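Structural features, examined
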Amino acid sequence: MNIGVLCSGGDCPGLNAVIEGVVGAATRRGWKVVGFYDGFEGLLSDENWQHYQWLDENICHGIRSKGGTILGTVNKGNFTIKTGVNQKGEIDPVVLEKVKATIKRLDLEALVVVGGDGSQSTALLLAEIGLPVVGVPKTIDNDLGATDVTFGFNSALEVVSESMDRLQTTANAHQRMFVIEAMGRHAGWIALQGGMAGNADVILLPEIPFDLNKVVDAIKLRKAAGQREIMVVVSEGAKLGNDLVMIDATTKGEVRLGGIANLVAEKLEVATGIETRVAVLGHVQRGGSPIAFDRVLGTRFGSFAVEMIENKQFNCLASLHGTEMVAMPIEEAVKTLKLVDPNCQLVRTARDLGVCFGD
Ligand code: F6P
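Because the structure is predicted, anything quoted here is derived from the model rather than measured.

**Quick look at the overall build of the protein chain**
- On a plain count of helices and strands, the protein chain comes out with eleven helices and 15 strands.
- For 359 residues, the compact-globule estimate of 2.2 N^0.38 gives 21 Å, and the protein chain sits close to it at 22 Å.
- Counting the 359 residues in the protein chain, one finds 54% classified as buried.
- Expressed as a percentage of contacts within the protein chain between residues at least 6 apart in sequence, the contacts between residues at least 24 apart total 74%.
- Of the accessible surface of the protein chain, which amounts to about 15,500 Å², a share of 49% is contributed by carbon and sulfur atoms.
- Positive and negative charge centroids in the protein chain, built from 34 and 43 side chains respectively, lie 2 Å apart.

**Structural notes on the state of the cysteines**
- Inspection of the entire model under this criterion finds zero disulfides.
- We note that Cys-7 lacks a disulfide partner, and the nearest cysteine sulfur, in Cys-12, lies 9.0 Å from it.
- Its relative accessible area of 0% is what places Cys-7 among the buried residues.

**Some words on the side chain of Ser-319**
- If you trace the backbone, Ser-319 turns up in strand β14 (residues 316-321).
- Overall, Ser-319 belongs to the buried group, its relative accessible area being 0%.
- A polar atom in the side chain of Ser-319 sits 3.3 Å from the backbone oxygen of Leu-317.
- Apart from the residues lying within four places of it in its own chain, the contact partners of Ser-319 are Ala-146, Thr-147, Phe-301, Glu-324, Met-325, Val-326 and Met-328.

**Remarks on the site of the ligand**
- The immediate surroundings of the ligand are formed by Asn-75, Ile-140, Asp-141, Met-183, Gly-184, Arg-185, Glu-236, His-283 and Arg-286.
- In the complex, the protein chains occlude 76% of the 400 Å² of accessible area that the ligand would expose alone.
- Both of domain 1 (2-151 + 290-322) and domain 2 (155-287 + 341-352) provide at least three residues apiece to the shell around the ligand.

**Structural notes on the pattern of salt bridges**
- What the rule picks out here adds up to 13 salt bridges.
- Its salt-bridge partner being Arg-105, residue Glu-47 comes within 3.7 Å of it at the nearest N-O pair. Of this pair, Glu-47 sits in the loop between β2 (32-36) and β3 (52-55) while Arg-105 is found in helix α3 (residues 93-106), placing the two residues 58 residues apart along the sequence.
- The exposure class of Glu-47 is exposed, given its relative accessible area of 67%.
- Here Arg-277 ties to Glu-275 by a salt bridge, and the two come within 2.9 Å at their closest N and O atoms.
- For Arg-277, a relative accessible area of 33% puts it in the partly exposed group.
- Ionic contacts of the salt-bridge type, sharing partners, join the residues Arg-176, Glu-275 and Arg-277 into one network.

**Remarks on the side chain of Thr-102**
- Along the chain, Thr-102 falls in helix α3.
- Once residues within four sequence positions are removed from consideration, Thr-102 is found in contact with Phe-36, Leu-43, Leu-44 and Ser-45.

**A short note on the sheet that holds strand β7 (residues 133-137)**
- With respect to topology, seven strands assemble into an open sheet ordered β3-β2-β1-β6-β7-β14-β15, the strand pairing being mixed. Since the sheet does not close on itself, it has two edges, and those belong to β3 and β15 (324-329), each with one partner. Along the sheet, successive strands turn relative to each other by an average axial angle of 30°, direction set aside.
- Pairing analysis gives four bridges linking strand β1 (residues 2-7) to β2, with the strands arranged parallel. Paired with Gly-4 across the two strands is Val-34, which belongs to β2.
- Strand contacts of helix α4 (residues 117-128): β6 (108-115), β7 and β14, with the helix running at about 165° to β6, the strand carrying the most contacts.
- Against the sheet, helix α9 (residues 292-310) touches β1, β6, β7, β14 and β15, its axis set at about 135° to β14.

**Focus on the domain arrangement of the protein chain**
- When its domains are assigned, the protein chain resolves into domain 1 (2-151 + 290-322) and domain 2 (155-287 + 341-352).
- One C-alpha centre belongs to domain 1, the other to domain 2; they are set 33 Å apart.
- Opposite the 13 residues of domain 1 that make contact, domain 2 presents 15 residues.
- In total, about 1,100 Å² of surface goes out of reach between domain 1 and domain 2, with carbon and sulfur atoms giving 57% of it.
- Here domain 1 and domain 2 share one salt bridge between them.
- With a closest N to O distance of 3.1 Å, Asp-11 and Arg-286 form a salt bridge.
- Taken together, the residues of the side of domain 1 that touches domain 2 sort by class into six nonpolar, three polar and four charged.

Rules and cut-offs
- Residues numbered from 1 in each chain as written.
- Predicted model: local features only at pLDDT ≥ 70, side-chain atom pairs only at ≥ 80, totals over all residues.
- Heavy atoms only, no water.
- Helix = DSSP H or I, 4+ residues; strand = E, 2+ residues; numbered from the N terminus.
- Rg over C-alpha atoms; globule rule 2.2 N^0.38 Å.
- Buried < 20%, exposed > 50% of the residue type's maximum accessible area, 1.4 Å probe, protein only.
- Contact = heavy atoms within 4.5 Å.
- Areas by Shrake-Rupley, 256 points an atom, 1.4 Å probe, with all protein chains shown as cover.
- Lys, Arg positive; Asp, Glu negative; His and termini not counted.
- Charge placed at Lys NZ, Arg CZ, Asp CG, Glu CD.
- Disulfide = S-S within 2.5 Å.
- Polar contact = N/O pair within 3.5 Å; in protein donor to acceptor, adjacent residues only side chain to side chain.
- Near = heavy atom within 4 Å.
- Domains from an automatic or database assignment.
- Salt bridge = Lys/Arg side-chain N within 4 Å of Asp/Glu carboxyl O.
- Pairing = 2+ DSSP bridges.
- Axes fitted to C-alpha atoms, helices over the stretch in contact; angles between N-to-C directions.
- Buried area = accessible area lost by both parts, 1.4 Å probe.
- Nonpolar A, V, L, I, M, F, W, Y, C, P; charged D, E, K, R; others polar.

Quick look at the structure:
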């Protein structure tokens, strides 16, 4: 049997581990795997444009330790049907006809789609034209309700925590404040856990509206207690007042967030009188090799996706519940964003450590 695999949406560490898991599990079953390049775009291959590659264990051996994806990925293009939470669209019928031709030409019996909620919604539209799909959840933000954790998230936490360790020493030397911007569009998991690991004094999240006056008071208390450096972590999706801070509000599709750290830093510097610097961690959080946890998790997701195909659990998403992988209907799985509950035990622990959330 021939199956396909593709990565769609923003990359994150662990995508190659998923691919290796898929290829390993398929090979053990005597199946062949075709990897489509650049997300769903590879499905538009034709006689003149072969944008796919047959994958085997020689090609994929050991790629679990590499960042990025050997197949490439896109978060826009001919198959973008979802531009934000609960906004759906359609795929051009001409595009769908081309996909049907590819399915036939390659004798494709199922497709593994490694992607976030938007990509999984696209996958369901492909199922409707006769291509059975299984999904593997991908988001560095870890904000998908269906799965306890997504691969790549813990690698991002390592980056935040290691960066904060480095920034803290220079901040301490100069008695400065650092405002560090972490990824997280809707959910603040990266800022919360990265900040906790990296000794943050203040953590500002999309889920907890904050009052900068309260942040200023907390910082002044720390200074009065003799602390030399102040470390503030802010999610890119945290709102200043009622507003998201964007790099470019005019872009089509998902708006590009970014810049909140600069605004927060300016205001805190004026209000506290502490010399302040900004560090926007940006895509450093998404690049590089996955940590061991994500290498193993990624291969588990890939291998389980093949088990799902074997068991004909189509239109389902591989999801980690506790220590077990389960198959959840995609339609259900993409419905709920997993947000930080301001009263959850993680937040309570952070508060016990003296972290100020500005509320
Ligand atoms: O959704 C994942 C994410 O990394 C967000 O945290 C971030 O806002 C966005 O992707 C960045 O996307 P791009 O790679 O298009 O700049």
